[in-house]
Amino acid sequence: QVKLVESGGGLVQAGGSLRLSCAASGRTSSTYGMGWFRQAPGKEREFVAAIRSGGLYYGDGVKGRFTISRDNAKNTVYLQMNSLEPEDTAVYYCAAHYTGSLYYQNSYAYWGQGTQVTVSS
């Protein structure tokens, strides 16, 4: 069992930055892939970023603005979000990858409770 707890969400003006954190506990491993997804009101959950074995993967809408990283000593994954836009407003979820493509939410076995990010114009 893996428990994931996100933090760092909040309200920010367009053009600002936030850093989300995802603390993992339980049966964790630095070799696990970890991902971030987001879900805006009335929309489906979408892939944001993932990290696995040093490889970094990003959704098209965040490339060049968001950066995923991890600190294995702290069992924590981060999502640095820069140049935020109102369209980035969503609940952001951290997830632990299980099998399959990193881009699909069905490939993830464990999920955090989510953290709200609101970007004002």
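Presented here is a report on the structure given in the accompanying data block. (Residues numbered from 1 in each chain as written. Predicted model: local features only at pLDDT ≥ 70, side-chain atom pairs only at ≥ 80, totals over all residues. Heavy atoms only, no water.)

## Describing the environment of G64
Among the structural elements, G64 can be located in the loop between β6 (55–58) and β7 (66–71). Judged by relative accessible area, G64 falls into the exposed class, the value being 82%. Linking G64 and S83, residues 19 residues apart in sequence, is a C-alpha distance of 9.3 Å. (Helix = DSSP H or I, 4+ residues; strand = E, 2+ residues; numbered from the N terminus. Buried < 20%, exposed > 50% of the residue type's maximum accessible area, 1.4 Å probe, protein only.)

## Some thoughts on the packing of aromatic side chains
This structure, assessed with the given rule, holds seven aromatic pairs. Ring plane angle 80° and centroid distance 5.0 Å describe the contact between F37 and Y108, whose orientation is recorded as edge-to-face. Of the two residues, F37 sits in strand β4 (residues 34–39) while Y108 sits in strand β10 (residues 108–111), which places them 71 residues apart along the sequence. By the burial criterion, F37 is buried, and Y108 matches it. (Phe/Tyr/Trp six-rings, centres within 6.5 Å; stacked < 30°, edge-to-face > 60°.)

## Considerations on the environment of Y58
Tracing the backbone through its elements, the reader meets Y58 in strand β6. Given the relative accessible area of 18%, Y58 is considered buried. Along the backbone, Y58 and F47 are 11 residues apart, and their C-alpha atoms lie at a distance of 7.7 Å. Beyond its immediate stretch of four places on either side in the chain, Y58 contacts F47, V48, A49, K63, F66, T67, I68 and Y103. (Contact = heavy atoms within 4.5 Å.)

## What to know about the pattern of salt bridges
In the structure shown here, the tally under the stated rule is five salt bridges. Its salt-bridge partner being D88, residue R38 comes within 2.9 Å of it at the nearest N-O pair. In this pair, R38 is assigned in strand β4 and D88 in the loop between β8 (76–81) and β9 (90–97), connecting sequence segments 50 residues apart. Its relative accessible area of 1% is what places D88 among the buried residues. Residues K63 and D60 are paired through a salt bridge, measuring 3.3 Å at the closest nitrogen-oxygen approach. By sharing partners, the salt bridges in this structure join R38, E46, R65, E85 and D88 into a single network. (Salt bridge = Lys/Arg side-chain N within 4 Å of Asp/Glu carboxyl O.)

## A few points about the sheet that holds β8
Sheet architecture is open: four strands sit in the order β1-β3-β8-β7, paired in antiparallel fashion. Pairing within the sheet leaves two strands with one partner each, and these edge strands are β1 (2–7) and β7. Within this sheet the neighbouring strands show an average axis-to-axis angle of 15°, counted without direction. (Pairing = 2+ DSSP bridges. Axes fitted to C-alpha atoms, helices over the stretch in contact; angles between N-to-C directions.)

## Quick look at the side chain of R65
Mapped onto the fold, R65 is located in the loop between β6 and β7. At a separation of 2.8 Å, a polar atom in the side chain of R65 contacts the main-chain carbonyl oxygen of G61. Of the polar contacts made by the side chain of R65, one reaches the side chain of D88; its length is 2.7 Å. Those residues in contact with R65 that lie beyond four places of it in its chain are Q80, M81, N82, S83, L84, E85 and D88. (Polar contact = N/O pair within 3.5 Å; in protein donor to acceptor, adjacent residues only side chain to side chain.)

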